[in-house]
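# Understanding the architecture of this molecule
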Amino acid sequence: MPPVAVNPKSLPAPSGYSHGTLAGNTLYLGGQTALDAEMKIVPGGIVEQFRQAFGNVLATLRQAGGRPEDLVSVTIYLTDIPDYQAHGKEIGRVWRELAGPVYPAMAGIGCTALWQPEATIEILGVAVIPDDRLVRPAG
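The structure contained in this document is the topic of the report that follows. (Residues numbered from 1 in each chain as written. Predicted model: local features only at pLDDT ≥ 70, side-chain atom pairs only at ≥ 80, totals over all residues. Heavy atoms only, no water.)

## Some words on the environment of methionine 1
You can see methionine 1 is positioned in the segment before strand 1 (4-6). Owing to a relative accessible area of 82%, methionine 1 belongs among the exposed residues under this scheme. Separated by 23 residues in the primary sequence, methionine 1 and glycine 24 place their C-alpha atoms 6.9 Å from one another. (Helix = DSSP H or I, 4+ residues; strand = E, 2+ residues; numbered from the N terminus. Buried < 20%, exposed > 50% of the residue type's maximum accessible area, 1.4 Å probe, protein only.)

Okay, structure coming up:
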């Protein structure tokens, strides 16, 4: 089957990209910043931006029938690594609240800027969803 876009209605409508692409049982989760439904970056600093961005990733994952434990890789792009490190325990609590105690392979990468100037974090990932839960959007 050809790859198919996964775009939850709960996220801002994509233009020129997809929130996710499902190829077989593998869901490639597009980079998510802390955009809310009004297409604005949430206020409150790195912890709240992490919560929103990771929540956006999980919304796409769930749209395809996935669960957080299906994540096999997560990459986090950061404009301020020391800020992320300083709030690591809080971010860890948010992760466990949203995804439980399972952690996939991860990377944190520093960068000078993200698409939205006020964004400090962008998260993307890859998940492998079992057949019995896979929801393949109409193509």
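Having seen the model, we can carry on.
## Points about the packing of helix 1 (residues 46-63) against helix 3 (residues 88-99)
The angle between the axes and the distance between the axes are what describe a pair of packed helices. Relative orientation of the contacting elements helix 1 and helix 3 amounts to 25 degrees, with a least axis distance of 10 Å. When the axis of helix 1 is compared with that of helix 3, the two are roughly parallel. Two packed elements cross with a definite hand, and for helix 1 against helix 3 that hand is right-handed. Taking contact as the criterion, the partners of Ile46, Val47, Phe50, Arg51, Phe54, Gly55, Leu58 and Arg62 in helix 1 are, on helix 3, Glu90, Ile91, Val94, Trp95, Glu97, Leu98 and Ala99. Residues that form the contact of helix 1 with helix 3 fall into these classes: 10 nonpolar, 1 polar and 4 charged. (Axes fitted to C-alpha atoms, helices over the stretch in contact; angles between N-to-C directions. Parallel < 35°, antiparallel > 145°, perpendicular 65-115°, else oblique. Left-handed = near helix turned anticlockwise from the far one by under 90°. Contact = heavy atoms within 4.5 Å. Nonpolar A, V, L, I, M, F, W, Y, C, P; charged D, E, K, R; others polar.)

## Notes on the side chain of glutamine 49
Take glutamine 49: it is sitting in helix 1. According to the relative accessible area criterion, glutamine 49 is buried, its value standing at 5%. Here the side chain of glutamine 49 touches glutamate 118 through a polar contact of 3.2 Å, landing on its backbone oxygen. The residues contacting glutamine 49, other than those within four sequence positions of it, are Ala34, Ile41, Val42, Glu118, Ala119, Thr120 and Ile121. (Polar contact = N/O pair within 3.5 Å; in protein donor to acceptor, adjacent residues only side chain to side chain.)

## Observations regarding helix 3
With 12 residues, helix 3 should reach 16 Å at 1.5 Å per residue; the first-to-last C-alpha distance of 16 Å fits that figure. Ile91, Gly92, Val94, Trp95 and Ala99 are the residues of helix 3 that are buried. End-on, the buried residues of helix 3 take up no more than an arc of 160 degrees, which puts them together on one face. Exposed side of helix 3, more than 90 degrees from the buried face: Lys89 and Glu97 are the residues found there. The first or second residue beyond helix 3 is glycine 100, which carries a positive phi of 85 degrees. (Expected span 1.5 Å × (residues − 1). Arc of directions from axis to C-beta.)

## What about the packing of aromatic side chains?
Counted according to the given criterion, the structure contains 3 aromatic pairs. For the ring pair phenylalanine 54 and tryptophan 95, a centre distance of 4.3 Å and an interplane angle of 15 degrees mean the geometry is stacked. In this pair, phenylalanine 54 sits in helix 1 while tryptophan 95 sits in helix 3, placing the two residues 41 residues apart along the sequence. Of the two residues, phenylalanine 54 and tryptophan 95, neither departs from the other in class, the shared state being buried. Residues tryptophan 95 and tyrosine 103 carry aromatic rings whose centres are separated by 5.5 Å and whose planes lie at 20 degrees to one another, so their mutual orientation is stacked. Take tryptophan 95: its relative accessible area is 3%, and that puts it in the buried class. Residue classification places tyrosine 103 among the partly exposed positions, given a relative accessible area of 42%. (Phe/Tyr/Trp six-rings, centres within 6.5 Å; stacked < 30°, edge-to-face > 60°.)

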